[in-house]
Amino acid sequence: MSYLVKCAQCAKVTELAREGRFCSTSCRARYHRETLIAQRERLAVAVDATLRSGDTSALQPVAHAARLLAA
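What counts, and where the lines are drawn
- Residues numbered from 1 in each chain as written.
- Predicted model: local features only at pLDDT ≥ 70, side-chain atom pairs only at ≥ 80, totals over all residues.
- Heavy atoms only, no water.
- Helix = DSSP H or I, 4+ residues; strand = E, 2+ residues; numbered from the N terminus.
- Rg over C-alpha atoms; globule rule 2.2 N^0.38 Å.
- Buried < 20%, exposed > 50% of the residue type's maximum accessible area, 1.4 Å probe, protein only.
- Contact = heavy atoms within 4.5 Å.
- Lys, Arg positive; Asp, Glu negative; His and termini not counted.
- Charge placed at Lys NZ, Arg CZ, Asp CG, Glu CD.
- pLDDT = per-residue confidence, 0-100.
- Phe/Tyr/Trp six-rings, centres within 6.5 Å; stacked < 30°, edge-to-face > 60°.
- Pairing = 2+ DSSP bridges.

*Asks:* Now, about the overall build of the chain: what can you tell me, with residues and values included?
*Replies:* Looking only at helices and strands, the chain features two helices and two strands. Put simply, the chain runs from its N terminus to its C terminus through helices and strands in the order β-β-α-α. In terms of overall size, the chain is more extended than a compact globule, its C-alpha atoms giving a radius of gyration of 18 Å where 71 residues would be expected to give roughly 11 Å. If you line up the chain on its principal axes, its C-alpha atoms span 60 × 20 × 15 Å. Relative to its full complement of 71 residues, the chain shows a buried share of 14%. A separation of at least 24 residues holds for 9% of the contacts in the chain among residues at least 6 apart in sequence. If the 11 positive side-chain charges of the chain are averaged to one point and the 6 negative ones to another, these points end up 5 Å apart.

Below, the structure is given as structure tokens:
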């Protein structure tokens, strides 16, 4: 049995032996790397805004999110 899959990264339709979201391991790696980069960019913007605000109580949730992302 084979499955027709539209790759979540390159949008190429591929026939796979089992269900999946990606046409290749390189597309899978690229997708997850780009997702991680985007998360880090959003977190950096949040950290900058919190530091500019000077509100130390708002820094704790941002620091917690940074720890979760780094893990």
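Following the structure, the description resumes.
*Asks:* So what's going on with the confidence of the model for the chain? Residues and values would help.
*Replies:* Averaged over every residue, the pLDDT of the chain is 88; the share at 70 or more is 99%. Mean pLDDT across the elements of the chain ranges from a minimum in helix H2 (residues 56-70), with 82, to a maximum in helix H1 (residues 25-53), with 92.

*Asks:* For the packing of aromatic side chains, give the residues involved together with the corresponding values.
*Replies:* Taken as a whole, this structure holds one aromatic pair when the rule is applied. On the basis of an interplanar angle of 55 degrees and a centroid distance of 5.1 Å, the ring pair of Phe22 and Tyr31 is categorised as tilted.

*Asks:* Before we move on, can you summarise the pairing of strand E2 (residues 13-16) with the specific residues and values?
*Replies:* Where burial is concerned, the two faces of E2 differ: the one with Thr14 and Leu16 is buried and the one with Val13 and Glu15 is not. One ladder, built from four bridges, connects strand E1 (residues 3-6) with E2; its direction is antiparallel. Its bridge partner being in E2, Lys6 is matched across the sheet by Val13. Joining the antiparallel neighbours E1 and E2 is a turn of six residues, in which Ala11 adopts a positive phi near 65 degrees.

*Asks:* Let's hear about the environment of Arg28: which residues, and what values?
*Replies:* Summarising the element assignment, Arg28 is placed in helix H1. Taking C-alpha positions, Arg28 is 23 Å from Leu43, a pair spaced 15 residues apart along the chain.

*Asks:* I'd like to hear about the side chain of Thr50, residue by residue, with values.
*Replies:* Within the element layout of this structure, Thr50 appears in helix H1. Judged by its relative accessible area of 12%, Thr50 falls in the buried class. Sequence-distant contacts of Thr50, that is, excluding residues within four places in its chain, are made with Asp55, Ala58, Leu59 and Val62.

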